[in-house]
Amino acid sequence: MQEKYQIAKEKLDHAVTLLEKAGVDSWLVLTREGSDPCMPLLFGIRSFHTAAIFINRTGQHKVIATVSDKGNYEGTGLFAEVIPYYSSLDEVFLQELEKLAPQKLALNISNHDHLCDGLTLGLYLWLEELLGQERLQAIEVSSEAILKELRSVKSPAEITCMQEAVDATIEIYEEVFSQIKCGMTEIEIGELFVQGMKKRGLSNGLGNPHDPPLVCTVRNGLAHRKPGDHKTIPGDIVIIDFSLKVKDYVSDIARTVYLLKPGETEAPEGIQRAFRTAIDAITQAIQFIRPGVQGWEVDAAARQVIEAAGYPTIRHSTGHQVGRETHDGGTTLGPRRTPPRPAVEGTVQIGEIYAIEPTVIQDDGLPCILVEENVLITDEGAKVLSKRQLELVTIACGA
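Residues numbered from 1 in each chain as written. Predicted model: local features only at pLDDT ≥ 70, side-chain atom pairs only at ≥ 80, totals over all residues. Heavy atoms only, no water.

### Some thoughts on the overall build of the chain
For step 1, the next point in the chain: Per the secondary structure count, the chain includes 12 helices and 17 strands.
For step 2, the next point in the chain: In terms of principal-axis extent, the alpha carbons of the chain reach across some 80 × 40 × 35 Å.
For step 3, the next point in the chain: Sorting the 399 residues of the chain into buried and exposed places 53% on the buried side.
For step 4, the next point in the chain: Here the contacts in the chain between residues at least 6 apart in sequence split such that 65% fall between residues at least 24 apart.
For step 5, the next point in the chain: Taken as two groups, the 39 positive and 56 negative side-chain charges of the chain have centres that lie 3 Å from each other. (Helix = DSSP H or I, 4+ residues; strand = E, 2+ residues; numbered from the N terminus. Buried < 20%, exposed > 50% of the residue type's maximum accessible area, 1.4 Å probe, protein only. Contact = heavy atoms within 4.5 Å. Lys, Arg positive; Asp, Glu negative; His and termini not counted. Charge placed at Lys NZ, Arg CZ, Asp CG, Glu CD.)

So this is what it looks like as structure tokens:
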């Protein structure tokens, strides 16, 4: 098998175990023109025409595809059989379904997770018309739990890719920190990251390939926005949030920089205190998170540190999963709310990778701090993949 399909093979092997555990006979992925977001993860390819892919509990996976797509599927080495069709999928599909005779057929339908909701309405209606509403309803189940675990729990090859992405991100950060000068605009700082990506033949993990990361001078408003033409001045806090893609896997790491005023050798105590609080909250989350705890429990542990120090509560979640996307679905490290949110009630598992980012965010020009680290969940707890920022990065602005 080609190396490029190793991750797909690991995912399909894991899928067989999950199908057995769930008592599901077959998992049907219907896709056309790359419509289902699970395709790159599970098969490593994009289907151009309509295809029906059966992931079977027996491990003998099959796909029905057009003659023009047939070679793409055969080239993966993932399927026991690739069945071609010519003008119509209907007859060939029904023949294969009769052979499989599944009592439970999983479909990519979800009320909560967009990454598990890849079956389009049009293809569902086609399936319903072909099988009949009563028959389909008797056998269909959601694949959400299976697909969510496959996406969340990283295989050995995925972890290797993630570590490469994290390492390259830290390398670019350190390179950029040595080049930042007071008076640069947010756009100019962002361009340093773009140059770092291009030099390494890498791309942004969020947005277009060579978009700059989020670069915000706190004085000009902290938000998920593109860098502006705001010039940095002495005394500025600059927050950078950077996602980098390596071999289809992404990092998500944030750092905070302070531009020293003339005569300063370190940031004022108010800024240092806010920074220490954010770091303490990250440390608490890293020490608390482990297999078996729920997402909201990790969030509560970090949130308590921020609130106990007298700062406003975290306005977002303490953390989220990272993988093929910067927000990779599955369990979220966020607060409980009404009505309940399934993502924060989820359980942390071995093999998941989280971005940990409890922040200090204040209004009216008061210090804001964002630091974000990536961690892998092991049987012993969290392993930090990134090189932690434990000190505020300072840039001298001269006399």
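Now that the structure is up, let's keep going.
### Quick notes on the sheet that holds strand E12 (residues 253-259)
For step 1, the next point in the chain: Spatially, E8-E9-E12-E17 is the arrangement adopted by the four strands of the open sheet, whose pairing is mixed. Two strands lie at the open edges of the sheet, namely strand E8 (214-217) and strand E17 (393-395), each paired on one side alone. Averaged over all neighbouring strand pairs, the angle between strand axes comes to 25 degrees, with direction disregarded.
For step 2, the next point in the chain: Taken strand by strand, helix H8 (residues 156-177) contacts strand E9 (237-242), E12 and E17, and its axis lies near 10 degrees from that of E12. (Pairing = 2+ DSSP bridges. Axes fitted to C-alpha atoms, helices over the stretch in contact; angles between N-to-C directions.)

### Quick notes on the state of the cysteines
For step 1, the next point in the chain: Summed over the entire model, instances satisfying the criterion amount to zero disulfides.
For step 2, the next point in the chain: Cysteine Cys116 shares no disulfide, and the gap to the nearest cysteine sulfur, in Cys38, comes to 9.0 Å.
For step 3, the next point in the chain: For Cys116, a relative accessible area of 1% puts it in the buried group.
For step 4, the next point in the chain: Here Cys368 is not cross-linked by a disulfide; its sulfur's nearest cysteine counterpart is in Cys216, at 10 Å.
For step 5, the next point in the chain: Judged by its relative accessible area of 2%, Cys368 is buried. (Disulfide = S-S within 2.5 Å.)

### Side note on the pattern of salt bridges
For step 1, the next point in the chain: A full pass over the atoms with the stated rule returns 23 salt bridges.
For step 2, the next point in the chain: Here Asp236 makes a salt bridge to Arg219, at a shortest N to O gap of 2.8 Å. One end of the pair, Asp236, is in the loop between E8 and E9; the other, Arg219, is in the loop between E8 and E9, and 17 residues separate them in sequence.
For step 3, the next point in the chain: Of the residues examined, Arg219 reaches a relative accessible area of 43% and is grouped as partly exposed.
For step 4, the next point in the chain: Glu373 is the salt-bridge partner of Arg255, the closest N and O atoms lying 3.1 Å from each other. One end of the pair, Arg255, is in strand E12; the other, Glu373, is in strand E15 (residues 373-378), with 118 residues separating them in the sequence.
For step 5, the next point in the chain: Exposure remark for Arg255: the relative accessible area of 4% places this residue in the buried category.
For step 6, the next point in the chain: Overall, Glu373 belongs to the buried group, its relative accessible area being 0%.
For step 7, the next point in the chain: Here the salt bridges share partners, and the residues they tie into one network are Glu171, Glu175, Lys199 and Arg200. (Salt bridge = Lys/Arg side-chain N within 4 Å of Asp/Glu carboxyl O.)

### Quick word on unusual backbone geometry
For step 1, the next point in the chain: Look at the link from Thr338 to Pro339: it is a cis peptide, with omega at -5 degrees.
For step 2, the next point in the chain: Mapped onto the secondary structure, Pro339 falls in the loop between strand E13 (319-321) and helix H12 (342-345).
For step 3, the next point in the chain: Phi at Ala101 takes a positive value of approximately 45 degrees, unusual for a residue other than glycine.
For step 4, the next point in the chain: With respect to the helices and strands, Ala101 occurs in the loop between helix H4 (90-100) and strand E5 (105-107).
For step 5, the next point in the chain: Although it is not a glycine, Asp248 sits at a positive phi angle of roughly 75 degrees.
For step 6, the next point in the chain: Relative to the assigned elements, Asp248 resides in the loop between strand E10 (244-246) and strand E11 (249-250).
For step 7, the next point in the chain: Classification of Asp248 by relative accessible area gives partly exposed; the value is 43%.

### Topic: the domain arrangement of the chain
For step 1, the next point in the chain: The domains assigned to the chain are domain 1 (3-150) and domain 2 (153-396).
For step 2, the next point in the chain: Contact residues are listed per partner, giving 13 residues for domain 1 and 15 residues for domain 2.
For step 3, the next point in the chain: In this assembly, domain 1 packs against domain 2 so that about 1000 Å² is buried in total across both faces, 59% of it on carbon and sulfur atoms.
For step 4, the next point in the chain: Counting every contact that joins domain 1 to domain 2 gives one salt bridge.
For step 5, the next point in the chain: The interface formed by domain 1 and domain 2 holds six residue pairs in polar contact (both at pLDDT 80 or more) in total.
For step 6, the next point in the chain: The class makeup of the residues in the side of domain 1 that touches domain 2 is five nonpolar, three polar and five charged. (Domains from an automatic or database assignment. Buried area = accessible area lost by both parts, 1.4 Å probe. Polar contact = N/O pair within 3.5 Å; in protein donor to acceptor, adjacent residues only side chain to side chain. Nonpolar A, V, L, I, M, F, W, Y, C, P; charged D, E, K, R; others polar.)

### Notes on the packing of aromatic side chains
For step 1, the next point in the chain: Counted under the stated rule, the structure contains eight aromatic pairs.
For step 2, the next point in the chain: Aromatic side chains Tyr173 and Phe193 sit 5.3 Å apart centroid to centroid with 85 degrees between the ring planes, which places their arrangement in the edge-to-face category. Residue Tyr173 is located in helix H8, and its partner Phe193 is located in helix H9 (residues 186-200); the two are separated by 20 residues in the primary sequence. Accessibility assignment for this pair places Tyr173 and Phe193 in one class, buried.
For step 3, the next point in the chain: Ring pairing ties together the aromatic residues Tyr173, Phe177, Phe193 and Phe242, which thus form one cluster.
For step 4, the next point in the chain: Cation over ring: Arg290 sits above Phe288, and NZ or CZ is 5.0 Å from the ring centre. (Phe/Tyr/Trp six-rings, centres within 6.5 Å; stacked < 30°, edge-to-face > 60°. Lys NZ or Arg CZ within 6 Å of the ring centre and 35° of its normal.)

### Observations concerning the nonpolar core
For step 1, the next point in the chain: Judged by nonpolar contacts, the single largest core of 67 residues is most densely connected at Trp27, Leu42, Phe43, Ile55 and Tyr73.
For step 2, the next point in the chain: It is H8 that contributes the most residues to this core, 11 residues altogether.
For step 3, the next point in the chain: Ignoring anything within four residues of it in the chain, the contact list for Trp27 reads Ala15, Leu19, Leu42, Ile53, Phe54, Ile55, Ala106, Asn108, Ser143, Ile146, Leu147 and Leu150.
For step 4, the next point in the chain: Core analysis: the next-biggest nonpolar cluster, separate from the first, contains 40 residues, Leu260, Ile289, Tyr354 and Val360 among them. (Core = buried A, V, L, I, M, F, W, Y, C linked by side-chain atoms within 4.5 Å.)

### Here we look at the packing of helix H10 (residues 269-288) against helix H11 (residues 295-308)
For step 1, the next point in the chain: Across the interface, H10 lies against H11 with an axial gap of 8 Å and an inter-helix angle of 155 degrees. What the angle tells us is that H10 and H11 run roughly antiparallel. When you trace H10 past H11, the crossing you get is right-handed. Contact residues: Thr277, Ala278, Asp280, Ala281, Gln284, Ala285 and Phe288 in H10; Glu297, Val298, Ala301, Ala302, Val305 and Ile306 in H11.
For step 2, the next point in the chain: Classifying every residue of the contact of H10 with H11 by side-chain character gives nine nonpolar, two polar and two charged. (Parallel < 35°, antiparallel > 145°, perpendicular 65-115°, else oblique. Left-handed = near helix turned anticlockwise from the far one by under 90°.)

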